[in-house]
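# Residue-level structural notes
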Amino acid sequence: MQYGTVTGRLLAAVADSVVDADFNPDEVPLSGRVVFTPSATALKVVAAGATILPVPIKCDLDSEGYLTLNGKRGVNLIATDTTETNPTGFTYRVSFESLTYAGTPVSYGSFSIAVPAGQTIDLAVVAPVATANGAAIIRGEPGAVTDVTIGEVQTVDATADADAFLTGDETVKQLNLVLPRGPKGDQGADGSTALPAVPTSPGSRAQLITYGHSFLAEQGLTDESQYWARRLAKSLGLTYPTSDGGPANDLKRASGGTTIGDSLGRVAGGIGTAPWVPGTKALVVLQALINSARQNGATAIDITSAINSARGIMALVNASEIVQDTDARIVKSATTWQVGTGFFAGGTAQYSSTVGSYFEYVVPADRDVFIATVCRGAGTAGAVVNITDQTAGTTLVTGLDLSASSIANASIYVWRTPASARGHTVRFTKTGGTSLYIDAVLPVSPNPPPVLWMKEPYLANYAASTQFPNGSDAALDAFNAIVDQMSAEFPNLIVADPNQAGYWDKANDVLSDQVHPNEQGHYHLARAAHDAVRAWQARKALALI
């Protein structure tokens, strides 16, 4: 039998990102299948006296967009001009299934090709030229570039796109993000002052949920549409129910004057607010460090406390469920346990003051868990704990001292089990210090929601606030570094940095109080957030994160 070979590569041309130095559109590999269906329903092999019934052959696109079969690039097909079959001169219909760029469907029409015996056919050469306006498929010539590049989709249902972006395996869904209009007299990225809003469609939509301080709690502007989180929600086609004091407020998750510890309390529902519910369809937006940075400056205890609170926030938002201390899956020693006030989701927290007391949990085989206990403030003794893998018979941590880890009297400390402990029983044992607490276990979700964390912008006059007078650019740098640390621990965290060149202007982006952003400042924060999302999408699509 005679055969011919078909090769090809499919790319998506998308908006330029910050991952390279140029300003040209990026070419990103597509994923999906290419299907070859012969036009002949039966092929009679003359010499063998047999009949072949051809069936469609499905090929995958690899991580670089190349056509592959069984892990090898290219596919061999029965030649369409072979004289060994009857009929001869048939064709193959080339069609495409589930073509996507970062989860975004891309359309490419089918066409027919001939596959001559002994020849290699490149789809870039034989693909037909589009005759209509719009994103065309370019037909290459022999010796020219052989990649097929598919234009970026021009029409997007922002609501459907945003929902897919925020759920399931399609966390990196590509969006056509367009910021709402900029402040009066302030130009947008395209030079305009009135950027069009993304169209939306009716029905249930994902939310943009904010946690943090006054920049998210909507203080200082007369035009509510100018606040940066509202702008971002509008550009993504998301509902926005969480402004503090605004007409759409129903949760009050962001509040003026809050520190990172306060924000943890709001996420956990420990201070009378509605807690985060695992599985919520939302983009979580955080901006929660500026008051912590200006409270005492970047002291060691303040930094340590902020890191613990930040990790607690991320652990809860990344959890598939909250396993409370009363759950039978958390096994406790036969010592005396008392019931105290819980932190996560308003539950209880059980504690024991007996040396040798322990609690243990069987870690799922397919994921890690965060174990939430209680740490103590500076000058206050906490429990000293050994953490062991009971299944493997190994010690994971010796002498974990939960003292002096918070600027508050007590706070949550979460510890992530290592991958080596999956499927094993992990035990916390009190070896000294004060009471050992178990508050909750937080299994890590396989599909956590995306989280955007806005770093804190520099101020020109940190002494302008009498409540938080101890800030500086250096202090903000120290606290903003915590966001980078969380990003290294949680791949679903998107970092927005307004202090990079071209965004925040500390001399001109604040109100007369010299602290809160004015309309131009909120616009620059919104643009930093918008650009961070696009850059994160590109890195995810290119498998750089």
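Residues numbered from 1 in each chain as written. Predicted model: local features only at pLDDT ≥ 70, side-chain atom pairs only at ≥ 80, totals over all residues. Heavy atoms only, no water.

### Structural notes on the overall build of the protein
Along the backbone of the protein there are nine helices and 32 strands. Considering the protein as a whole, with its 545 residues, one finds that 51% of them fall into the buried category. Look at the contacts in the protein between residues 6 or more apart in sequence, and 71% of them connect residues 24 or more apart. Working note: accessible area of the protein is about 22,300 Å², and carbon and sulfur atoms make up 51% of it. (Helix = DSSP H or I, 4+ residues; strand = E, 2+ residues; numbered from the N terminus. Buried < 20%, exposed > 50% of the residue type's maximum accessible area, 1.4 Å probe, protein only. Contact = heavy atoms within 4.5 Å. Areas by Shrake-Rupley, 256 points an atom, 1.4 Å probe, with all protein chains shown as cover.)

### Here's the deal with the pattern of salt bridges
Scanning the entire structure with this criterion turns up 15 salt bridges. Close ionic contact of E224 with R230 constitutes a salt bridge, the shortest N to O distance being 4.0 Å. Note on R230: relative accessible area 17%, which makes it buried. The salt bridge partner of R311 is E489, with a shortest N-O separation of 2.9 Å. Here the residue R311 occupies a position in helix 7 (residues 300–317), and E489 occupies one in helix 8 (residues 473–489), the gap between them amounting to 178 residues. R311 gets classed as buried once you look at its relative accessible area, which sits at 16%. Looking at E489, the relative accessible area reads 28%, which means it is partly exposed. Connected through shared salt-bridge partners, D62, E64 and R73 make up one network. (Salt bridge = Lys/Arg side-chain N within 4 Å of Asp/Glu carboxyl O.)

### Description of the sheet that holds strand 10 (residues 75–78)
The strand order across the open sheet built from three strands is 10-1-15, with neighbouring strands paired in mixed fashion. The open sheet is flanked by strand 10 and strand 15 (120–122), the only strands paired with a single partner. On average, each strand axis in the sheet is tilted by 35° relative to the strand beside it, whichever way the strands run. Pairing analysis gives four bridges linking strand 1 (residues 3–7) to strand 10, with the strands arranged antiparallel. Paired with G4 across the bridge in strand 10 is L77. (Pairing = 2+ DSSP bridges. Axes fitted to C-alpha atoms, helices over the stretch in contact; angles between N-to-C directions.)

### Some words on the sheet that holds strand 21 (residues 338–341)
Strand order in the open sheet formed by three strands is 21-22-29, and the pairing between neighbours is antiparallel. Every other strand in the sheet has two partners, leaving strand 21 and strand 29 (436–438) as the edge strands with one partner each. Shown here is a sheet whose adjacent strand axes are inclined to one another by a mean of 35°, direction ignored. With four bridges joining them, strand 21 and strand 22 (residues 348–352) adopt antiparallel strand pairing. Bridging from a neighbouring strand, T341 pairs with T348 of strand 22.

### Quick look at the side chain of T68
Mapped onto the elements, T68 comes out in strand 8 (residues 67–69). Not counting residues up to four positions away in its chain, the partners in contact with T68 are C59, D60, D62, R73 and G74.

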